[in-house]
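Coordinate analysis (summary)
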Amino acid sequence: MYRLYRQNNYKVMHYKFYSLSEFIDYLKNHNICQNTFSNPCSIKDDYNFTHTYSLDEAYKLCLYGYHEEFEKLIELKIKLEKYIKMSKKRNKQFNDYIGYAPDVKAYLEGSPLSMLNKTQTRRKKIDIYLNTSFYGYTRANAIFNRGAIILTIVELLENLGYSIDLHIFEMSTVEDQLHFSEFILKQENERLNPQKLYFPLCHPSWIRRLNFRLIEETPDATYSGWASGYGKPSNFQTIKEIIKPQKNDIIIPTIDEIGISGYDLVDDTNNLFEYINRQGEKDFVLKRIPK
């Protein structure tokens, strides 16, 4: 669950959780490192910053679901379905000795190839790496927009026959210390569950209460910078150095680096599409959405 190691000149403090309940149980059963965090942000009463009134409320939303403005996510999905275009190979049908259905015409003509068969196209796999961390000044609307767009992209790619492994994590640094909390919430053989991922991707308290709490409980986060700012969200290059993605993988770094503002959903979507397209040639094309 937790290990400390050195990689690429960083002292990496790495957590791995396989469910939201495992994550919350860990937070509830470990103590804040008081020597570093004498005034922990995770329990401060700051609704404008966290959009929750308490750490306990964040626990409950994470475990039992967050539903506010969920219909906005559904509306976005419907809109994007009209514009995302994919290059997808279809299975070709041919006559064979064996198959999934008889070809009556071929049978009546006495052909030994009287069954219909199909070539099996292997599902292509896409790994998406998403750093859910963001800067302290980031607007709640920008957080929501990024999360909603990513949930929509994943679902659309799956519906078009791609196998998606969504890697959700928090990665931030203070000097040579790197905090890396990884959450295995959606694997390639699982269908996307938007309700389960909606809170981690779209709610400010995922970082500003729950992941802050995890940092506060990390014994090796000893630099004073952790208490004063909770680390600098890792950018594309740092993420690439740590996770070492394959050629066609997608990295989603900070909201600022992508250019998501939270003011206009279509503009934010196009900025994310362009950022992904710049990462190299893919088996799909994310085309700009016209206004």
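Description of the structure in this document. (Residues numbered from 1 in each chain as written. Predicted model: local features only at pLDDT ≥ 70, side-chain atom pairs only at ≥ 80, totals over all residues. Heavy atoms only, no water.)

1. Comments concerning the packing of aromatic side chains
Following the criterion strictly, the structure yields 20 aromatic pairs and no others. Ring centres 5.4 Å apart and planes at 5° place the aromatic pair Tyr135 and Tyr137 in the stacked group. Using a relative accessible area of 57% as the deciding quantity, one classes Tyr137 as exposed. Taking NZ or CZ as reference, Arg139 lies 4.0 Å from the ring centre of Tyr263, over its face. The ring of Phe49 carries the charged tip of Arg208 above its face, separated from the ring centre by 4.1 Å. (Phe/Tyr/Trp six-rings, centres within 6.5 Å; stacked < 30°, edge-to-face > 60°. Buried < 20%, exposed > 50% of the residue type's maximum accessible area, 1.4 Å probe, protein only. Lys NZ or Arg CZ within 6 Å of the ring centre and 35° of its normal.)

2. Quick notes on unusual backbone geometry
Even without a glycine there, the phi angle at Asn8 is positive, about 50°. By secondary structure assignment, the location of Asn8 is in the loop between strand 1 (2-7) and strand 2 (10-17). In the Ramachandran plot, Glu69 falls in the positive-phi region, its phi being about 65° despite a non-glycine side chain. (Helix = DSSP H or I, 4+ residues; strand = E, 2+ residues; numbered from the N terminus.)

3. Describing the packing of helix 6 (residues 140-159) against helix 7 (residues 194-202)
Look at helix 6 against helix 7: their axes get within 8 Å of each other, and the N-to-C directions meet at 145°. Viewed along their axes, helix 6 and helix 7 form a crossing whose handedness is right-handed. Mapping the contact onto sequence places Ile143, Phe144, Gly147, Ala148, Ile150, Leu151 and Glu155 in helix 6 and Pro194, Leu197, Tyr198, Leu201 and Cys202 in helix 7. When the residues that make up the contact of helix 6 with helix 7 are grouped by side-chain class, the tally is 10 nonpolar, 1 polar and 1 charged. (Axes fitted to C-alpha atoms, helices over the stretch in contact; angles between N-to-C directions. Left-handed = near helix turned anticlockwise from the far one by under 90°. Contact = heavy atoms within 4.5 Å. Nonpolar A, V, L, I, M, F, W, Y, C, P; charged D, E, K, R; others polar.)

4. Regarding the environment of Ala142
Relative to the helices and strands, Ala142 is located in helix 6. Sequence separation of Ala142 and Gly110 is 32 residues, and the distance between their C-alpha atoms is 65 Å. Discounting chain neighbours no more than four positions away, the residues touching Ala142 are Ile255, Ile260, Ser261 and Gly262.

5. Notes on helix 12 (residues 265-277)
Over its 13 residues, helix 12 extends 18 Å from the first C-alpha to the last, a length consistent with the 18 Å expected when each residue adds 1.5 Å. The N-terminus of helix 12 is capped by Asp264, whose side-chain oxygen sits 3.0 Å from the backbone nitrogen of Val266. (Expected span 1.5 Å × (residues − 1). Polar contact = N/O pair within 3.5 Å; in protein donor to acceptor, adjacent residues only side chain to side chain.)

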